[in-house]
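So the chains spell out like this:
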Amino acid sequence: MFLIALSPILWLIIALSVLKIAAYKACPIALVIALTAGIFVNDMTIPHAVQATLEGVALACWPILLVIIAAIFTYNLTLQTKAMDTIKKMLTSVSNDRRVLILLIGWGFGGFLEGMAGFGTAVAIPAGMLAGIGVNPVLAAMVCLIANSVPTAYGSIGIPIVTLGNVTGIDPIQLATYTALQLIPLTVLCPFLMVIVASHSLKGLKGMVLMCLAAGVGFSATELAIAMFMGPELAVVGGSIVAMAAIIACAKLFPVNDPEHALPPHDDEAPITAGTAVRAWMPFILIFIFLLMTSKLIPAIHDPLNLIKTSVLIYDGPGGEPYTFTWLATPGVLILLAAFIGGTIQGAGFGSMVGCLRRTAWNLRFTIITIITVIATAKVMGYAGMTHEIAE
C-alpha cells in the first residue's frame with residue numbers, strides 16, 4: 001500500500017530527474033496515477049475522485065495562479081513602459097564597485113523580485129543587469145543563483161507558505177514565522193558568500209564585511225518581524241527593501257574604492273528626477289501599500305473585505321469542507337489593481353495593459369497546467385488516504 005500511495009510522487013521523481021520529461025507533461029500523468037490508485041486501490045468513488053480534482057483546480061486557480069499571473073504581469077508591464085530601465089539606472093548609480101552592485105542588484109533587488117514576482121525573474125533580471133554593466137555573465141548568474149536560494153521559501157507574494165497553510169490547515173503566520181527563523185543563518189551568510197564568489201577569494205571581503213552583515217541582518221530581521229505580525233505575503237518584499245536601504249547607506253557612509261573591483265566607467269546619463277523614480281516604482285509601491293492596508297494590522301479594512309467571500313462544498317466525501325473564495329482581500333486581485341493603476345500613471349493605455357496581461361497568461365500556459373495538475377494530485381491523494389498512508 002505504501003508504494004502504491006507513493007506512486008504519483010515516484011513517477012514525478014523519475015519523470016523529471018531521469019526521463020527529463022517537461023513538468024507540464026509529467027504532472028498530468030501523476031494526476032492520472034493518483035486517480036487510478038485512489039479509485040481501484042483505496043476504494044474512492046468516481047464522483048468523489050472528480051470532486052477532489054475539481055477542488056484542486058479551484059485552489060490552483062484561486063488564489064495561486066491569480067497571484068502568479070498578476071505578479072508576472074506587473075513585471076512585464078514595467079518592461080513595456082520602460083520603467084525597468086529607470087530602476088536599473090537608479091541601482092547602478094549607487095557605486096562603481098562590482099561587489100557593491102552585486103549585493104545591491106543580486107541580493108537586494110533580486111530578493112525584491114522574488115517576493116513580488118518569483119518564477120525566475122529574481123535570477124534572470126538581476127543577472128542580466130549585472131552582465132549589462134560589465135560583470136562576467138557566468139559570474140552574474142552564479143551570484144544571483146546563490147542570492148535566490150533563500151527568498152524562494154516565500155516566493156511570489158508568499159504563495160508557497162499560503163498554499164502550505166491551505167493544504168495543511170496550519171496558520172500561515174505560524175508557518176511564515178518558523179520559516180523565517182530557520183532561514184536566519186542562511187540569510188545572514190548569503191551576502192558574504194556572494195562577495196566571496198564574486199571576488200574568487202576571501203580577500204574580496206576586505207572593506208565589505210559591514211555591508212554584508214547589514215544586508216543579511218537587515219533582510220532577516222525585517223523578514224522575521226513581518227512574518228510574525230503580518231504573515232508571509234510581504235516578508236521577503238520588506239526584507240529586501242531594508243537590505244537595499246542598508247547596502248545604499250553603507251555605500252554612501254563608508255564608500256568602497258578598491259581599484260581591483262572597480263567596473264569600467266560608463267557614459268554619463270541625465271540624472272533621474274524624483275518624479276520619474278516614483279513613477280517607475282509605482283506599481284510595486286502600490287502593491288506594498290495595498291497588501292499592507294488589507295493585512296491584519298489594519299482590521300478596519302481587513303475585516304470587512306474578508307467578509308466578501310463565497311463558500312462552496314466541492315468535495316462532499318469524508319473530511320470534505322467548503323472551499324472559500326475570498327473575492328477582494330486576496331493578493332492576486334490587489335496586485336492586478338496596483339498594476340493597472342501604476343501602468344496608467346506610467347502612461348500605458350488600458351488596451352495595451354490588457355494585451356500585456358493576455359500575453360503574460362499565454363506565456364504561462366505550461367506553468368498553469370503544471371500547477372493545476374500538481375494541486376489536484378495533492379487533493380486526490382489527501383482525500384483518498386494516500387497522503388496519510390505515506391505519513392504513517
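Residues numbered from 1 in each chain as written. Predicted model: local features only at pLDDT ≥ 70, side-chain atom pairs only at ≥ 80, totals over all residues. Heavy atoms only, no water.

Peer 1: What's the story with helix α7 (residues 137-147) in this structure? I'm lost.
Peer 2: Listed in full, the buried residues belonging to α7 are L139, A140, V143, C144 and A147. Each buried residue of α7 sits inside an arc of 130° when the element is viewed along its axis, so together they form one side. The exposed residues of α7 that point more than 90 degrees off its buried face are P137, V138 and L145. (Buried < 20%, exposed > 50% of the residue type's maximum accessible area, 1.4 Å probe, protein only. Helix = DSSP H or I, 4+ residues; strand = E, 2+ residues; numbered from the N terminus. Arc of directions from axis to C-beta.)

Peer 1: How should I be thinking about the packing of helix α8 (residues 159-168) against helix α9 (residues 172-199) in this particular structure?
Peer 2: To characterise two packed helices, one gives the angle between the axes of the helices and the distance between these axes. α9 packs onto α8 with a crossing angle of 130° between their chain directions and a minimal axis gap of 9 Å. Comparing the axis directions of α8 and α9 gives the class oblique. Once α8 is placed against α9, the crossing between them reads as right-handed. Contact with α8, carried on its side by I161, L164, G165 and T168, involves P172, L175, A176 and T179 of α9 and no other residues of that element. Within the contact of α8 with α9, the residues separate by chemical class into five nonpolar, three polar and no charged. (Axes fitted to C-alpha atoms, helices over the stretch in contact; angles between N-to-C directions. Parallel < 35°, antiparallel > 145°, perpendicular 65-115°, else oblique. Left-handed = near helix turned anticlockwise from the far one by under 90°. Contact = heavy atoms within 4.5 Å. Nonpolar A, V, L, I, M, F, W, Y, C, P; charged D, E, K, R; others polar.)

Peer 1: Mind showing me how you'd approach the side chain of S95 here?
Peer 2: Structurally, S95 is set in the loop between α4 (83-92) and α5 (98-116). Look at S95 and you get buried, because its relative accessible area is 15%. In this view, S95 contacts V100 and L101; residues no more than four positions away in its chain are not counted.

Peer 1: Help me understand unusual backbone geometry in this model?
Peer 2: Negative phi is the rule for most residues except glycine; trans is the rule for most peptide bonds. Here the residue pair W62 and P63 is connected by a cis peptide bond, since its omega of 25° sits within 30 degrees of zero. Summarising the element assignment, P63 is placed in helix α3 (residues 46-80). The residue K20 is not glycine, and still its phi comes out positive at about 60°. The phi dihedral of D43 is positive, around 60°, even though this residue is not glycine. Relative to the helices and strands, D43 is located in the loop between α2 (23-40) and α3.

Peer 1: Could you clarify how one ought to interpret the pattern of salt bridges in this entry?
Peer 2: For side chains bearing opposite charge, pairing can occur when the charged atoms are close. Under the criterion given, the structure shown has two salt bridges. Residues K379 and E55 are paired through a salt bridge, measuring 3.1 Å at the closest nitrogen-oxygen approach. With K379 in helix α16 (residues 365-383) and E55 in helix α3, this residue pair connects regions lying 324 residues apart in the sequence. The two residues K379 and E55 agree in class, both being buried. (Salt bridge = Lys/Arg side-chain N within 4 Å of Asp/Glu carboxyl O.)

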